[in-house]
Amino acid sequence: MAAYSEFLSNLGSDHAHVVPISVFVAVLCFCLVIGHLLEGNRWVNESITAILIGCATGMIILFISKGKSSHILRFDEELFFICLLPPIIFNAGFQVKKKQFFQNFLTIMLLGVIGVFISSSIIAAGSWWLFPKIGFQGLTAKDYLAVGAIFSSTDTVCTLQVLRQDETPLLYSLVFGEGVVNDATSVVLFNAIQKVDVTWPDGWESVHLLGDFLYLFTTSTVLGISTGLLTAYALKALYFGRHSTDREIALMVLMAYLSYMLAELFQLSGILTVFFCGIVMSHYAWHNVTENSRITTRHIFATMSFIAETFIFLYVGMDVFDIEKWKMTKLSLWASVGMCASTVVLVLLGRAAFVFPLSALSNFMNRRNTEKTACITFRNQIIIWWAGLMRGAVSIALAFKQFTYSGVTLDPTNATMVTNTVIVVLFTTIVFGLLTKPLITWLAPHLDPGCDSREPKSPKDDLDLPLLSTEESATSSLIRAKGSLSMLIERPVFTIHHYWRRFDNAYMRPIFGGPLGNQERR
């Protein structure tokens, strides 16, 4: 018996990092098995399963350690931003249905960019007004702005697992596209807030914040597109597949990760860079590799993303029972409950404040057309609003980045904010996630009368007209130009998409790869 105890002691001392990693991997495997067994009922998704298993694991570890700790591993926000976040965002860009995404691009950008600013402003102002009344003080003006960005980031996984892309293509495209752009915008806004001096707030600081946001958004997008095009050109020109499919797959993976790291190196937004890098790679580079590599890359990126998301939600479940943070906070139980409830209410209000008005604006812009186009029905607006109520991995990571140092904090105020964020993520993911299936089942089959929710179809005869024709009289050319310009104003998305496809087929695809015209399979 003494020898056995000595063996365990030596094992723990000699493998101080191997043991917790092994245990965590085992819990990950257990989570995958349970998620597979619960897949059939579609009531509990992978996120909820991982959180619940994380909670159970945290309780067991807390009991074994006699109340000292509930963690197997210590969370590090740098680990999240460097290792876990890139595969999640890249896979979102790589797997996005580009046709649906860009046909609804203006609506997605309205919800994903303008909506984040509206939601962040409401949450920041509401927190600044409500938290002191509850008895929680100590946050600075920059902290309140950061809180707005932290709780504006959404997690639409629960809704996407219920929606069927073939049955509701418009709704699926809007929920998926807005979710990804929302996360990217929230991170960019969070980074821009860190650079703002709020000691002497004035109008110029708001302009400076907006300028930093636009700079980060534009440069990060350009960097991601450039990296994707460079990868596509290298794969097309060098044709790695004639010798080894491993090299072309490795090049795509490494270049995607390099785009993220370059963005972080230049203090840009890596999440936005790697997202657009994923879109460009799927549009060009994916067609330049062998058929085996195409299948492999899609599964590799999806698997890496799935493991990273499961890892994060497992940790969120375990962090609920972090006794150190709960002991450090000085708020009473009811004050903590009131603070969490206030945050959830602000999330509900902030989301509603932009989903319904911006959806109405999108419908108004679409109804200027002579024919019926895609319309966001009121029921679909409710689903879009509900889909963005869950908070997830990005909110957790931003909260740890703002209020901890390598996952550790000795400040009671910061500890309170971390625990508040974890509880809000836990509550919204489990409660709202469980209610998602019945809500969509009730709303999705019904369509509002007088509003066509089908995908818009652009008239080919109009879109094939050039802006100016040299083969006609001046009068006829001016008439056609006027019609095309009018079409550009009334149908900006479809008109721009049409001329982009012509430019893409004529110049981009011959250089960077990909099928021409209707040959595209993805």
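Here the structure is shown first, and the text comes after it.
Keep in mind it's a predicted model, so treat the numbers as computed, not measured.

**Q** Sorry, what's going on with the overall build of the protein chain here?
**A** On a plain count of helices and strands, the protein chain comes out with 21 helices and zero strands. Sequence-distant contacts in the protein chain: of pairs separated by 6 or more residues, those separated by 24 or more amount to 82%. As presented, the protein chain carries roughly 24900 Å² of accessible surface, and 67% of it is formed by carbon and sulfur atoms.

**Q** I would appreciate a short explanation of helix α18 (residues 412–443) in the present structure.
**A** The periodicity of an α-helix, 3.6 residues per turn, causes residues three or four places apart in sequence to face the same way. For α18, spanning 32 residues, the distance from its first C-alpha to its last is 44 Å, which sits close to the expected 46 Å at 1.5 Å a residue. Its axis deflected by about 35° at Thr436, α18 carries its strongest bend there, up to four residues before the proline Pro438.

**Q** Would you mind going over the nonpolar core with me for this structure?
**A** Nonpolar side chains tend toward joint burial in soluble globular proteins. Grouped together as the largest cluster of nonpolar side chains are 128 residues, with contacts concentrated most on Phe80, Leu85, Phe90, Met252, Met281, Ile384 and Met417. With 15 residues, helix α9 (residues 169–194) is the largest single contributor of residues to this core. Leave out the neighbours within four places in its chain, and Phe90 touches Ala256, Val274, Cys277, Gly278, Met281 and Phe301.

**Q** How do you make sense of the packing of aromatic side chains when you look at a structure like this?
**A** Each aromatic ring pair is described using two quantities: the centre-to-centre distance and the angle formed by the ring planes. Evaluated as defined, the whole model comprises 19 aromatic pairs. Centre to centre, the rings of Phe90 and Phe94 are 5.7 Å apart; their planes meet at 25°, and the pair counts as stacked. You can see Phe90 and its partner Phe94 sitting in helix α4 (residues 77–95), four residues apart, about one turn around the helix. The exposure class assigned to Phe90 is buried, which follows from its relative accessible area of 4%. With a relative accessible area of 0%, Phe94 lands in the buried category. Look at Phe213 and Phe217: their rings are 5.7 Å apart centre to centre, the planes differ by 40°, and that puts the pair in the tilted class. On the criterion of helical spacing, the pair formed by Phe213 and Phe217 is a turn pair, its members being four residues apart in helix α10 (residues 203–238). Residue Phe217 is classed as buried on the basis of its relative accessible area of 16%. By way of ring pairs, the aromatic residues Phe356, Phe378, Trp385, Trp386, Phe427 and Phe432 are connected into one cluster. For the cation-ring pair, Arg294 lies above Trp286, with the distance from its terminal atom to the ring centre recorded as 5.2 Å.

**Q** What is the right way to look at the side chain of Thr154 in this model?
**A** Among the structural elements, Thr154 can be located in the loop between α7 (141–150) and α8 (157–162). Judged by its relative accessible area of 5%, Thr154 falls in the buried class. Contacts of Thr154, omitting those with residues within four sequence positions, involve Gly179, Asn182, Asp183, Arg351, Gly388, Met390 and Arg391.

**Q** How do you make sense of unusual backbone geometry when you look at a structure like this?
**A** Peptide bonds are, in most cases, trans, and in most cases residues other than glycine have a negative phi. You will see that Gln267, though not glycine, has its phi angle at about 60°, which is positive. Tracing the chain through its elements places Gln267 in the loop between α11 (245–265) and α12 (270–283). For Gln267, a relative accessible area of 57% puts it in the exposed group.

**Q** Would you mind showing me how to read a nonpolar patch on the surface here?
**A** Where nonpolar side chains cluster on the molecular surface, the patch consists of Leu106, Leu361, Phe364 and Met365 and spans about 360 Å² of accessible area. Look at Leu361 and you get partly exposed, because its relative accessible area is 36%.

Rules used throughout
- Residues numbered from 1 in each chain as written.
- Predicted model: local features only at pLDDT ≥ 70, side-chain atom pairs only at ≥ 80, totals over all residues.
- Heavy atoms only, no water.
- Helix = DSSP H or I, 4+ residues; strand = E, 2+ residues; numbered from the N terminus.
- Contact = heavy atoms within 4.5 Å.
- Areas by Shrake-Rupley, 256 points an atom, 1.4 Å probe, with all protein chains shown as cover.
- Expected span 1.5 Å × (residues − 1).
- Bend = angle between axes of the 7 residues up to and from the residue.
- Core = buried A, V, L, I, M, F, W, Y, C linked by side-chain atoms within 4.5 Å.
- Buried < 20%, exposed > 50% of the residue type's maximum accessible area, 1.4 Å probe, protein only.
- Phe/Tyr/Trp six-rings, centres within 6.5 Å; stacked < 30°, edge-to-face > 60°.
- Lys NZ or Arg CZ within 6 Å of the ring centre and 35° of its normal.
- Patch = residues over 30% accessible without salt bridge, like charges linked within 9 Å, V, L, I, M, F, W, Y side chains within 5 Å.
- Salt bridge = Lys/Arg side-chain N within 4 Å of Asp/Glu carboxyl O.

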